[in-house]
Amino acid sequence: MNDRSEAATVVILLQRSLLVILLMAGALLAAPGGEPDTPTLRSVFADDFLIGVALDGRVVGGRNPEAAEIAARQFSSLTAENDMKWMALQPWPGRYRFETADAYVGFAVKHRMKVIGHTLVWHSQTPRWVFETTDGEEIEREELLRRMKEHIETVVGHFKGRVHGWDVVNEAISDGPGGLRDSRWRRIIGDDFIEQAFRFAREADPNAELYYNDYGLVDRRKRARTIDMLKRLIERGAPVDAVGMQGHYSLDRPPAAEVEQAIKDFAALGLKVMITELDVDVLPSRGRVGVADISRRETAHPSLDPYRDGLPEDVQQKLANRYAELFRVFLRHRGHISRVTFWGVDDGHTWLNHFPIRGRTNHPLLIDRNRHPKPAFFAVLKAGQETSPSR
Ligand code: G3I
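In this report, we go over the structure that sits alongside the text.

Rules behind the numbers
- Residues numbered from 1 in each chain as written.
- Predicted model: local features only at pLDDT ≥ 70, side-chain atom pairs only at ≥ 80, totals over all residues.
- Heavy atoms only, no water.
- 1 Å grid on protein atoms, 1.4 Å probe; cavity = no way out; pocket = protein on both sides within 12 Å on 5 of 7 lines; lining within 4 Å.
- Points joined across faces, edges and corners; volume = space filled by probe spheres on them.
- Nonpolar A, V, L, I, M, F, W, Y, C, P; charged D, E, K, R; others polar.
- Core = buried A, V, L, I, M, F, W, Y, C linked by side-chain atoms within 4.5 Å.
- Buried < 20%, exposed > 50% of the residue type's maximum accessible area, 1.4 Å probe, protein only.
- Helix = DSSP H or I, 4+ residues; strand = E, 2+ residues; numbered from the N terminus.
- Contact = heavy atoms within 4.5 Å.
- Pairing = 2+ DSSP bridges.
- Right-handed = clockwise from strand over helix to strand, strands pointing away.

**Points about the layout of surface pockets**
So, step 1. Empty space within the largest pocket amounts to approximately 1300 Å³.
So, step 2. As for the largest pocket, its lining consists of 45 residues, of which Y215, H248, W351, L352 and F355 are closest to the centre.
So, step 3. The residue inventory of the lining of the largest pocket, partitioned by class, reads 14 nonpolar, 16 polar and 15 charged.

**Concerning the nonpolar core**
So, step 1. By size, the foremost hydrophobic cluster in this structure holds 112 residues, and its most contacted members are W166, M245, F327 and F330.
So, step 2. Examining the composition of this core, we find that 10 residues originate from one element, helix α12 (residues 313-332), more than from any other.
So, step 3. Once residues lying within four places of it in the same chain are set aside, the contact partners of F330 are F49, V259, I263, I275, L278, I337 and V340.

**Topic: the pairing of strand β3 (residues 114-121)**
So, step 1. The buried count for β3 comes to 7 of 8 residues, which makes it a mostly enclosed element.
So, step 2. Strand direction decides the pairing type here: strand β2 (residues 77-80) and β3, joined by 3 bridges, are parallel. The partner of S77 across the bridge, within β3, is K114.
So, step 3. For β3 and strand β4 (residues 163-170), the ladder comprises 5 bridges, and the chain directions are parallel. Among the inter-strand pairings, V121 is bridged to a residue of β4, identified as V169.
So, step 4. Taking the sense of rotation as the criterion, the β-α-β connection linking β3, helix α7 (residues 141-158) and β4 turns out right-handed.

**Description of empty space enclosed by the protein**
So, step 1. Applying the stated criterion across every chain, the model contains 2 cavities of 30 Å³ or more.
So, step 2. Size it by volume and the largest cavity reaches roughly 90 Å³.
So, step 3. For the largest cavity, the full set of lining residues is A54, L55, D56, V59, N64, A67, E81, G344, V345, D346 and H349.
So, step 4. Of the residues assigned to the lining of the largest cavity, the class counts are 5 nonpolar, 3 polar and 3 charged.
So, step 5. Taken as a whole, the second largest cavity spans an internal volume of roughly 40 Å³.
So, step 6. Taken together, V121, W122, H123, V169, N170, E171, A172, S183, W185 and F193 make up the full set of residues lining the second largest cavity.

Shown next as structure tokens:
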């Protein structure tokens, strides 16, 4: 190699190193856990609504420090994805386990986040013993009410003053015709199990906000059934403060205009509205590809799992646009919306990798599997900044 080509090689190497340094600096600045002065979701939406995230126990337990750093930096409220459900808190009669849930509260206090308690009364993740005698016979109304009250008093009492609001009743409305879901709560207690749960919760902590939380509330028929139920609760003076629209959406459904109409309809009841479990499923659904018989236990057919190696640019952009349009709707109604919560920190840890088919590679959140912000992250930030350019 002569002197000139050696010099040229050195220049090229220097240029490449510089490029790498610049890219790393850019990634750091853009990284959701990075530079203190870069705008965050938490700072951008500070005057609009709480911006929350659901975490699993590993994060608050210190076993996923990267996700913990992102959560603490980007979000102002926290929901336990599973660890405050009945099954987690009182797996056996009278034997409460608060260690993991206390770790959530500790994490939230440390990072000045508000804790949302999820959830007190639900048909799922509730042990069978709750509804049965030790012989496996179904118990009577009065006994189930007693158990419900005891659980609510103990759990809400334990977190009194530390939990900002509770999902008191989760998913009680039926997906099909009729009003309420045919759960064991309803069958044994009767339709007033919802009202009773709200009253027990208010007694246990008069200062905590109390929520009704459900999915599919944009669907007009389910929305109408939910509004009927909420109206009855309000007429009877049950202490409901807000309604949680879970927000498990897909790239094209439901239309943003319908999401907006649902927010208006619930706000018209005089309730605060929250988007409580937001994610955007990017994978083909069974229906769309015409495969009707795939259950959760089956392995994903490659046609139903097309983004194993990453999200193509055009879908990445669609996801960003979808989030931007949803946030523009939320921001238009920020006077009524008190919180928007994402159902997970990053694409590597989301229930949508396992539902409705196990073992797929979904990409529903703002942060990718390598904990890097996606175009959707910046689209959401931009939507917030457009509303208040000073942020
Ligand atoms: O804890 C066990 C673990 O020991 C075991 O090795 C593993 C094997 O699959 O399962 C683990 O339990 C899983 C649990 O999540 C904790 O990861 C359950 O199988 C799994 O079914 C459970 O799923 C949760 C689901 O609720 C249960 O219905 C999801 O993480 C959670 O995101 C999801 O959240 C619900 C909301 O509470 C209510 N709204 C709908 C939303 C999505 O379904």
